[in-house]
2 protein chains.
Amino acid sequence: MCEKKLYVVGIGPGDYEQMTIKAAGALNRSQVIAGYTVYIDLIRESFPDKEYLSTPMTKETERCRMALEKAKEGHIVSMVCSGDPGIYGMAGLVLELAENYPEVSVEIIPGVTAACAGAALLGAPLSHDFAVISLSDRLTSKNLIEKRLEHAAISDMAVCLYNPASRHRGDYLLWACEILGRYKDPQTVCGVARCIGRTGQSVEIMTLEQLGKVPADMFTTVYIGNSQTREIRGNMVTPRGYRYE
Amino acid sequence: MCEKKLYVVGIGPGDYEQMTIKAAGALNRSQVIAGYTVYIDLIRESFPDKEYLSTPMTKETERCRMALEKAKEGHIVSMVCSGDPGIYGMAGLVLELAENYPEVSVEIIPGVTAACAGAALLGAPLSHDFAVISLSDRLTSKNLIEKRLEHAAISDMAVCLYNPASRHRGDYLLWACEILGRYKDPQTVCGVARCIGRTGQSVEIMTLEQLGKVPADMFTTVYIGNSQTREIRGNMVTPRGYRYE
C-alpha cells in the first residue's frame, strides 16, 4: 500500500535561508501546501507550482482537517508553520486530529523557533535555563499564565514570551512585566526582537522597568533576563557561568 | 577596512539535512571551522577542504579564544555548535570573550535545538508553555537546579531536560524525577529522545514514575509533560487547548 503522507513543516522565522535543508526538501516534494495565510505568503515565491490552501487565524482546526483530508486523498501534503511546528504551532493539533486518519502517516519536520532566532539577533539571552510562555489567553486562562510567570521569576529563570500582545490584548506585556517585577529586579536586562527574518526586522535592549511600555504585537518575541544577564557591546547575554580571566 | 568575521553556527541535531540553508552557507564561506571534536566529526564530510580546529570537552574558553584569534588574523571563521548556539551553546561565551576583540564582528546563526528536534520525533510534547533546564552542575549549583525544577512543576509547565546524565552524574535523572514528582502526578506522560539526527536515534514514551530508571547520557533529551499531556497513537502530545469534536 502506498503510504499517505502529511508533513508538518517548520519554516523557521520567515526568510527562505533560515529553513532547514530537510524542510525545503519536504516542500519541494509536496503537491499541496497548507497553512495560515501569512506563512503561505512567506514561502509562495520559493515554491511555485504548488496547490496552496490557506485559512485565516483562529481557523486552525479547519486548516489541519483540510490538510489531513488532502493527504487521505493521496496527495503529498505539507502543513507549514512559522518557526517550529512543536512550539505553539500545529504539530499537536494535527496529531490529535490524525487519530481519525489512521491511513495518513504524519511526520513533524522541526524548524528554528522564534525563541532561538530572536535570541541570535539580540546576542545570547537564553544561554541558561529558561521558560517559554505565551501571553495569549485565547486557549489558556490568565490565572495559569500568571502562575507560570511568577514561578519562572521566583526561580530566576530567563523568560521568553511569545504572543506578547495583540489588538485585543494591548496591555498584556505591561501586565506580565508587573508580575515578573514582583520577583525580578527592575534593572533586569530585557530585549525584544521584532519581525524576525522578515521586512522590518529589529531588536531593542532595555530594562524590565522599561519593557512594559515598549510597542509589541504578534510578531514580537520578548526576552527577560535572569539575575546574571548583562549587556555586552550592545548584546544581551545570559552567561552560562564559564570562568575566564 | 575589511570586516573580520566570526560566525557562531548552530548545525542542528547532527545530520546535514537538519542544518539551515544559512548555516550551510556560512560553513561553505568559512576558511576555518572550530568546534568540539564530536560536532566537527558530524560535519567534516559535508565540508571538506577546510582548516579544522577542535578542543575536547571542558576546554570551551580555549576553543572560543582560538576561533576569535583566527578571525582577528583575517580568516573567515565558523565556530560550530550542535543544535542552537544560544541554548547551552557557545554564543554567550563567544560574545563575552569578544569584548577583547573589538575588530571581530560576531554573527550568531541559529539552528534547530535538541528540544525541538527531539520533540518532533516524539510527537508534540512542548506544544504549551515549558521550561528548559540543564541537569549539569558543572557551572550551576544543584540547589538552583532543584529550585527551577520545583517551580516549573508547581506551575504545571512541561519540562525539557538537557544533559540529564553523564559518567559522573549517573543518578541525576532519578534525582530530578523525585523533585518533579513532589508536584507532578507519577502517571504524567514523559518521553526521551536519544542520539537525535545521529546513528542510533530512538525515542521512548513512559510515565514519570518510570522515567528515573531509563538509561540516559549526554546525548539524551528528556521531556516531562504537563497535566494535560497524553499519548496518542504512540506520540507524546501536550495539547495547546484547541476544542474540536
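Small disclaimer: the values here were computed from a predicted structure and weren't measured. Sequence order as written defines residue numbering, which begins from 1 separately in each chain. Lettering for chains starts from A, numbering for ligands starts from 1, and both go in the order in which the items are written. In keeping with the predicted nature of the model, local features appear solely for residues at pLDDT of at least 70, side-chain atom pairs appear and are counted solely at 80 or more, and the whole-chain, interface and lining totals rest on all residues. Calculated side-chain values reflect all of the structure's heavy atoms, with hydrogen atoms and water omitted.

Remarks on empty space enclosed by the protein
What counts here: Using a grid of 1 Å spacing that covers the protein atoms alone, one calls a set of points a cavity when a 1.4 Å probe fits there but cannot get out, and a pocket when the set is open and has protein on both sides within 12 Å along at least five of seven lines; lining residues are those with an atom within 4 Å of a point. Grid points are joined across faces, edges and corners, and a volume is the space filled by probe spheres set on the points. Helical segments are the DSSP runs of H or I of at least four residues, strand segments are the runs of E of at least two, and each set is numbered from the N terminus.
Counted under the stated rule, the structure contains four cavities of 30 Å³ or more. In this structure, the largest cavity occupies an estimated 80 Å³ of space. A:Thr113, A:Ala115, A:Phe130, B:Thr113 and B:Phe130 are, among the 14 residues lining the largest cavity, the residues nearest its centre. Contributions of two or more residues to the lining of the largest cavity are made by helix H5 (114–122) and strand E7 (130–134) of chain A together with helix H5 (114–122) and strand E7 (130–134) of chain B.

What about the relation of the copies chain A and chain B?
We apply this condition: Here the copies are superposed with least squares, the fitted atoms being C-alpha atoms of residues at a pLDDT of at least 70 in both. In this description, contact between two residues means that some pair of their heavy atoms is separated by no more than 4.5 Å.
Mapping chain A onto chain B calls for a rotation angle of 180° and an axial translation of 0.0 Å; the resulting RMSD is 0.0 Å. The relationship between the two copies is best expressed as a two-fold rotation axis. Comparing interface residues between copies, 99% of those in chain A also sit at the interface in chain B, which points to an isologous, same-surface contact.

Overview of the interface of chain A and chain B
Our working definition: When two components associate, each loses some accessible surface as probed by a 1.4 Å sphere; the sum of these losses over both components is called the buried area. Any Lys or Arg side-chain nitrogen found within 4 Å of a carboxyl oxygen on Asp or Glu counts as a salt bridge. Identification of polar contacts relies on pairs of N or O atoms within 3.5 Å, with a donor-acceptor requirement for protein atoms, meaning one able to donate a hydrogen and the other able to accept it, and with residues adjacent in sequence counted only if both atoms are side-chain atoms.
The partner chain B presents 71 residues to the 72 residues of chain A that form the contact. For the pair chain A and chain B, the summed buried surface comes to about 6500 Å²; carbon and sulfur atoms form 59% of the total. When the buried area of chain A at its contact with chain B is split by residue, A:Ile21, A:Arg148 and A:Tyr242 rank highest and sum to 12% of it. Connecting chain A to chain B are four salt bridges. Where chain A touches chain B, the interface holds 33 residue pairs in polar contact (both at pLDDT 80 or more). With six residues, helix H4 (residues 91–97) of chain A is the single largest residue contributor to the side of chain A that touches chain B.

Considerations on the sheet that holds strand E13 (residues 235–237) of chain A
Residue and element names in this part refer to chain A. The condition that has to hold: Pairing between two strands is assigned when DSSP locates at least 2 bridges connecting them.
Pairing within the open sheet is mixed, and its three strands lie in the order E6-E13-E12. Two strands lie at the open edges of the sheet, namely strand E6 (123–124) and strand E12 (230–232), each paired on one side alone. Inspection of the sheet shows E6 paired to E13 by two bridges, in the parallel sense. By the bridge assignment, Ala124 is partnered in E13 with Val237.

Concerning the pattern of salt bridges
Side-chain pairs of opposite charge can arise where the charged atoms are in close proximity. All names here are of chain A. In the structure shown here, the tally under the stated rule is 20 salt bridges over all chains. Among the ionic pairs, Glu204 bridges to Arg194, the shortest N-O distance being 3.1 Å. Separated by ten residues along the polypeptide, Glu204 in strand E10 (residues 202–207) and Arg194 in strand E9 (residues 189–194) bring together distant segments of the chain. A network of salt bridges, in which partner residues are shared, links Glu3, Lys5, Lys22 and Glu107.

Quick look at the pairing of strand E2 (residues 32–36) of chain B
All names here are of chain B. Definition in use: Accessibility here uses a 1.4 Å probe with only protein chains present; expressed as a share of the type maximum, an area under 20% marks a residue as buried, one over 50% as exposed, and anything in between as partly exposed.
Where burial is concerned, most of E2 is hidden: five out of the five residues are buried. With five bridges joining them, E2 and strand E3 (residues 51–55) adopt parallel strand pairing. Along E3, the bridge assignment pairs Val32 with Glu51. One ladder, built from four bridges, connects E2 with strand E4 (residues 77–81); its direction is parallel. Residue Gly35 lies in a different strand from E4, and its bridge partner there is Val80.

Points about the packing of helix H6 (residues 142–154) of chain B against helix H7 (residues 172–180) of chain B
A packed helix pair is summarised by two numbers, namely the angle formed by the two axes and the spacing between the axes. Residue and element names in this part refer to chain B. Keep this limit in mind: The axes used here are C-alpha line fits, helices contributing only the stretch in contact, and every angle between their N-to-C directions lies in the interval 0 to 180 degrees. Put simply, angles under 35 degrees are roughly parallel, angles over 145 are roughly antiparallel, angles from 65 to 115 are roughly perpendicular, and the rest are oblique. Rotating anticlockwise by less than a right angle from the far helix to the near helix defines a left-handed crossing, while the corresponding clockwise rotation defines a right-handed one. Ten residues, namely Ala, Val, Leu, Ile, Met, Phe, Trp, Tyr, Cys and Pro, are considered nonpolar, four, namely Asp, Glu, Lys and Arg, are considered charged, and the remaining ones, Gly among them, are considered polar.
As a packed pair, H6 and H7 sit with axes 9 Å apart at the nearest point and diverge in direction by 45°. Judged by the angle between their axes, H6 and H7 are oblique. When you trace H6 past H7, the crossing you get is right-handed. Between H6, through Lys142, Ile145, Glu146, Leu149, Glu150 and Ala153, and H7, the contact on the second element is made entirely by Tyr172, Trp175, Ala176, Ile179 and Leu180. Class assignment of the residues belonging to the contact of H6 with H7 gives a composition of eight nonpolar, no polar and three charged.

Looking at the sheet that holds E10(A)
Hydrogen bonds between backbone atoms are what pair the strands of a sheet, whose relative direction is either parallel or antiparallel. Strand order in the open sheet formed by ten strands is E10(A)-E9(A)-E11(A)-E8(A)-E7(A)-E7(B)-E8(B)-E11(B)-E9(B)-E10(B), with mixed pairing between adjacent strands. Each having just a single partner strand, E10 of chain A together with strand E10 (202–207) of chain B make up the two edges of the open sheet. Shown here is a sheet whose adjacent strand axes are inclined to one another by a mean of 15°, direction ignored. Bridge count for E7(A) against strand E8 (residues 158–162) of chain A is five bridges, and the pairing is parallel. Counted as the bridge partner of A:Ala131 is A:Val159 from E8(A).

Re the nonpolar core
Here is the rule: As used here, the term nonpolar core means buried Ala, Val, Leu, Ile, Met, Phe, Trp, Tyr and Cys residues forming a set that is joined through side-chain atoms within 4.5 Å.
Counting 50 residues, the largest nonpolar core has A:Leu149, A:Leu161, A:Leu211, B:Leu149, B:Leu161 and B:Leu211 as the members making the most contacts within it. In this view, A:Leu211 contacts A:Leu173, A:Cys177, A:Cys190, A:Val192, A:Met206, A:Val222 and A:Ile224; residues no more than four positions away in its chain are not counted. If you look at the next biggest cluster of nonpolar residues, it comprises 39 residues, including A:Ala115, A:Ala158, A:Val189 and B:Tyr223.

Comments concerning the packing of aromatic side chains
Our working rule: Only the six-membered ring of Trp is used, alongside the rings of Phe and Tyr, when aromatic pairs are assigned; centres must lie within 6.5 Å, and planes under 30 degrees apart are stacked while those over 60 apart are edge-to-face, with the rest tilted. The rule is short: NZ of Lys or CZ of Arg within 6 Å of the ring centre and within 35 degrees of the ring normal puts a charge over the ring.
Overall, the coordinates contain eight aromatic pairs over all chains when judged by the stated rule. Measuring from ring centre to ring centre gives 5.1 Å for A:Tyr36 and A:Tyr39, while their planes differ by 85°; the resulting arrangement is edge-to-face. Here the aromatic rings of B:Tyr16 and B:Phe47 are separated by 6.0 Å at their centres, their planes lie at 55°, and the arrangement is tilted. Of the two residues, B:Tyr16 sits in the loop between strand E1 (4–10) and helix H1 (21–29) while B:Phe47 sits in the loop between helix H2 (37–43) and E3, which places them 31 residues apart along the sequence. Of the residues examined, B:Phe47 reaches a relative accessible area of 2% and is grouped as buried. Geometry around A:Tyr172 places A:Lys142 over its ring, the cationic atom sitting 4.2 Å from the centre. Note that B:Lys142 overlies the ring of B:Trp175, its terminal NZ or CZ placed 4.6 Å from the centroid.

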